[in-house]
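Structural description and commentary
Okay, here's what each chain looks like letter by letter:
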Amino acid sequence: MVCIPPEHYAIVHNPVVRDEHGNVVVNDKGEDKLRHGDEEIRFNQDPFHLHFGEVCGPITPLPIIKENQAIVLQAKRDFEKGIEDHKANNGKEKEEDSQPRKAGEKWQLKGPLVYYPTVGVEIVKIVSAIVLGPNRALHLKATDDCNDWKGVPRKAGEEWIVRTVGAYLPEVYEEVVSELTGKVLNYKTGLHIRAKRTFTNEDGIKRKAGDEWLVTWEDTEVYFPGINEAIIQETPLKVLTHNQYCIITNPYDPETRKLRLGATKLQKGPATFFLQPGETISEVKTARILKANQGLWLTAKAGE
């Protein structure tokens, strides 16, 4: 006799054929008719005996999916009318299983629930959510065409960054490439960034491959380089006192967002600033203090 306790199940191989009333069908020789090569999943019920030819697999606890977990499933056969015999812990059919499924298709059910296995559906794995803090992010990659958790269409092989603080549960066709730690910025440090390929960022700014720009704490307190971005170096804050000055070559024009190549700019103190990528600075010099009876002989190096 086989006894399946509550919250357990067993897979019976080569189960007998039963008619619409549940009676065992026999052949013309009086032998029990079997569904050779097929399976039947049985749950808690009264003890039963196996018919000749049936084989019972191990008795296994039902998978329990906790909060912030999901069970990934894959269809081993086509289900044109949906997976009707799947029941959750409330005894009702899940919405996800009323949909038609194709062989090889994957989907996942999010907890909390108790999953009741179904013939023709394979349990691939149970995934847990990854908790992201303020300076943590996830590098994700699409393993197939899909929509991400925001509903954005993603192509197979596409990569992106998720920065949302809290528990993140990867979707069924999302692969976690790595967990990222953000670069914490303060008023003394900036980041020199370069575009690895042409793209448009989340703010709608188009960057061409090779473009370089500066990110400071005024832009963000924690910076995560995007898939198309690379951190070249940290840029320290330049400080000039009230009697100091310097010459900046190839100064950056904020209106055109380009360098004025070949031009120079006199930067007087007191001032604090970051050098933009491509700018160079001369030696910081101290201003000359002239008395009432003193003067300077100056020679122009270039006309204005």
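In what follows, the accompanying structure is described. Here the structure is a predicted model, which is why all the values come from computation and not from measurement. (Residues numbered from 1 in each chain as written. Predicted model: local features only at pLDDT ≥ 70, side-chain atom pairs only at ≥ 80, totals over all residues. Heavy atoms only, no water.)

**What about the pairing of strand E6 (residues 69–75)?**
- Burial within E6 is extensive, with six of its seven residues counted as buried.
- Pairing between E6 and strand E9 (residues 121–128): seven bridges, direction antiparallel. By the bridge assignment, Leu73 is partnered in E9 with Ile123.
- Here five bridges tie E6 to strand E7 (residues 106–110), and the two strands are oriented antiparallel to one another. Across the sheet, Leu73 pairs through a bridge with Trp107, a residue of E7. (Buried < 20%, exposed > 50% of the residue type's maximum accessible area, 1.4 Å probe, protein only. Helix = DSSP H or I, 4+ residues; strand = E, 2+ residues; numbered from the N terminus. Pairing = 2+ DSSP bridges.)

**Here's the deal with a nonpolar patch on the surface**
- Together, Leu290, Leu296 and Leu298 give the surface a local cluster of nonpolar side chains, amounting to about 330 Å² of exposed area.
- Residue position: Leu296 is located in the segment after strand E31 (285–286). (Patch = residues over 30% accessible without salt bridge, like charges linked within 9 Å, V, L, I, M, F, W, Y side chains within 5 Å. Areas by Shrake-Rupley, 256 points an atom, 1.4 Å probe, with all protein chains shown as cover. Salt bridge = Lys/Arg side-chain N within 4 Å of Asp/Glu carboxyl O.)

**Focus: the packing of aromatic side chains**
- All chains considered together, the criterion is met by two aromatic pairs.
- For the ring pair Trp149 and Tyr168, a centre distance of 6.0 Å and an interplane angle of 80° mean the geometry is edge-to-face. Taken together, the residues span a long stretch of sequence, with Trp149 in the loop between strand E12 (146–147) and strand E13 (153–154) and Tyr168 in strand E15 (residues 166–168) at a distance of 19 residues.
- On the basis of relative accessibility, which here comes to 39%, the residue Trp149 falls in the partly exposed class.
- Here the guanidinium or amino end of Arg154 rests over the ring plane of Trp160, the centre of that ring lying 4.3 Å away.
- Seen from the ring of Trp213, Arg207 lies directly overhead, with NZ or CZ sitting 4.0 Å from the centre. (Phe/Tyr/Trp six-rings, centres within 6.5 Å; stacked < 30°, edge-to-face > 60°. Lys NZ or Arg CZ within 6 Å of the ring centre and 35° of its normal.)

**Here we look at the sheet that holds strand E23 (residues 229–236)**
- Strand order in the open sheet formed by three strands is E21-E18-E23, and the pairing between neighbours is antiparallel. Either end of the sheet is taken by a strand with one partner, and the two such strands are strand E21 (212–215) and E23. Each neighbouring strand pair of the sheet contributes to a mean axis angle of 30°, computed without reference to strand direction.
- Where strand E18 (residues 189–195) and E21 come together, four bridges link them in antiparallel fashion. Note on E21: the bridge partner recorded for Ile193 is Trp213. (Axes fitted to C-alpha atoms, helices over the stretch in contact; angles between N-to-C directions.)

Function cannot be read off these values alone, since they describe shape.
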